[in-house]
Amino acid sequence: MPRPTHTYLGFDAGRDFEREIVVKVNAPEVLRAELARPSWQGEHVALGTNTDPYQWVEGRYRLMPGIWEALRDAANPCSVLTKSPLLLRDLPLMLQIAQRASMSACLSIPTLDEKAWRATEPHTPNPRARLEAVAELNRAGIPTGVLIAPLMPGINDAPDQVEPLLEMATAAGATSIGGVALHLRGEVRQIFMDWLKTQRPDLVPRYEELYRRGAYAPQKERERLARMVRRGGPRGSFRPMSPSFRAATHSEPSRSPSRQDSLF
């Protein structure tokens, strides 16, 4: 999750996360160098498993085209997980990769409920625009699924919230539909509980019970949420895309004042 990563980089997981985005401006060059190393075995590269590569600052820095070009030139299998339809800008490059290696995408869409969306994912693209991106990518030939995450009991897990999303994802040709229950690791736990106390105080006792033993909801609750998603989706389920690419940059990252995209 991105908030703990902010702490790892020396920022505050609360206010700093909401106002600062760290941009590794030489990421395409570092990736290209790593892919050219004799020791690299062409492992799958998963983008977006920690934080979204298509946050709004991508429109300014345009780092993703260079990243896709490096993966294309290396014919390296890859995938991307994002909340943003901005990835459609790079569809021609993704198609070029797909001609040489496996390439897939997944859009994170936790809810279509406008109230829940605006409360938990302020400043993110409209969920329906994300579904349109799923449809367009699949029509173009890029296998694209939907990840309903996080699923939050009492917030976005009601049948009348989940079922329309499942139906629309299926209609968009989603190649997989999966769900992940909310997990509260590290600093995220206190930040979420503080948010809950102000926005949904009625749910505080429920969450204190659900997460009293740690960062994850009880197995029974996770299975309930998983069954809800499986009932409505196409055959198969979303598998976390891993391993993710990790490489140290060789210059100071650029700090861009902004608003991060979501509560999580």
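Refer to the preceding data block for the structure.
Just so you know, these numbers come straight off a predicted model, no measurement behind them.

Q: Is there a simple way to explain the pattern of salt bridges in this structure?
A: Oppositely charged side chains can pair when the atoms bearing their charge come close. Following the criterion strictly, the structure yields 12 salt bridges and no others. When the shortest N-O distance is used, the salt bridge between Asp73 and Arg32 registers 3.0 Å. Taken together, the residues span a long stretch of sequence, with Asp73 in helix α5 (residues 64-73) and Arg32 in helix α3 (residues 27-35) at a distance of 41 residues. Residue classification places Asp73 among the partly exposed positions, given a relative accessible area of 38%. Notably, a salt bridge pairs Lys83 with Glu121, separated by 3.3 Å at the nearest N-O pair. Here Lys83 is found in the loop between β3 (78-82) and α6 (91-98), whereas its partner Glu121 is found in the loop between α7 (114-120) and α8 (127-140), with 38 residues between them in sequence.

Q: Quick question: what am I supposed to make of the packing of α3 against α5 here?
A: Each packed pair of helices is defined by two parameters, the angle between the axes and the distance between the axes. Here α3 crosses α5 at 15 degrees, and the two axes come no closer than 8 Å. It follows that α3 is roughly parallel to α5 by the angle criterion. In this structure, α3 meets α5 at a crossing whose hand is right-handed. For the pair α3 and α5, contact is made by Ala27, Pro28, Leu31, Arg32 and Leu35 and by Gly66, Ile67, Glu69, Ala70, Leu71 and Asp73, respectively. Residues of the contact of α3 with α5, tallied by class, amount to seven nonpolar, one polar and three charged.

What counts, and where the lines are drawn
- As a convention, each chain's residues are numbered from 1 in the sequence order in which they are written.
- Note on the predicted model: pLDDT of at least 70 is required for a residue's local features to be given, and 80 or more for side-chain atom pairs to be given and counted; whole-chain, interface and lining totals, by contrast, use all residues.
- Working from all heavy atoms in the structure, the side-chain values ignore hydrogens and water.
- Here a salt bridge means any side-chain nitrogen of Lys or Arg lying within 4 Å of a carboxyl oxygen belonging to Asp or Glu.
- Secondary structure counts use DSSP, requiring at least four H or I residues in a row for a helix and at least two E residues in a row for a strand, with both numbered from the N terminus.
- Using a 1.4 Å probe on the protein chains alone, a residue whose accessible area is under 20% of its type maximum counts as buried, one over 50% counts as exposed, and one in between counts as partly exposed.
- To obtain an axis, a line is fitted to C-alpha atoms, over the contacting stretch when the element is a helix, and the angle between two such axes runs from 0 to 180 degrees between their N-to-C directions.
- Roughly parallel here means an angle under 35 degrees, roughly antiparallel means over 145, roughly perpendicular means 65 to 115, and every remaining angle is called oblique.
- It is the rotation of the near helix from the far one that decides the hand of a crossing: anticlockwise by less than a right angle makes it left-handed, clockwise makes it right-handed.
- Residues count as neighbours in contact if any of their non-hydrogen atoms are within 4.5 Å of one another.
- Just so you know the grouping, Ala, Val, Leu, Ile, Met, Phe, Trp, Tyr, Cys and Pro go in nonpolar, Asp, Glu, Lys and Arg go in charged, and all remaining residues, Gly too, go in polar.

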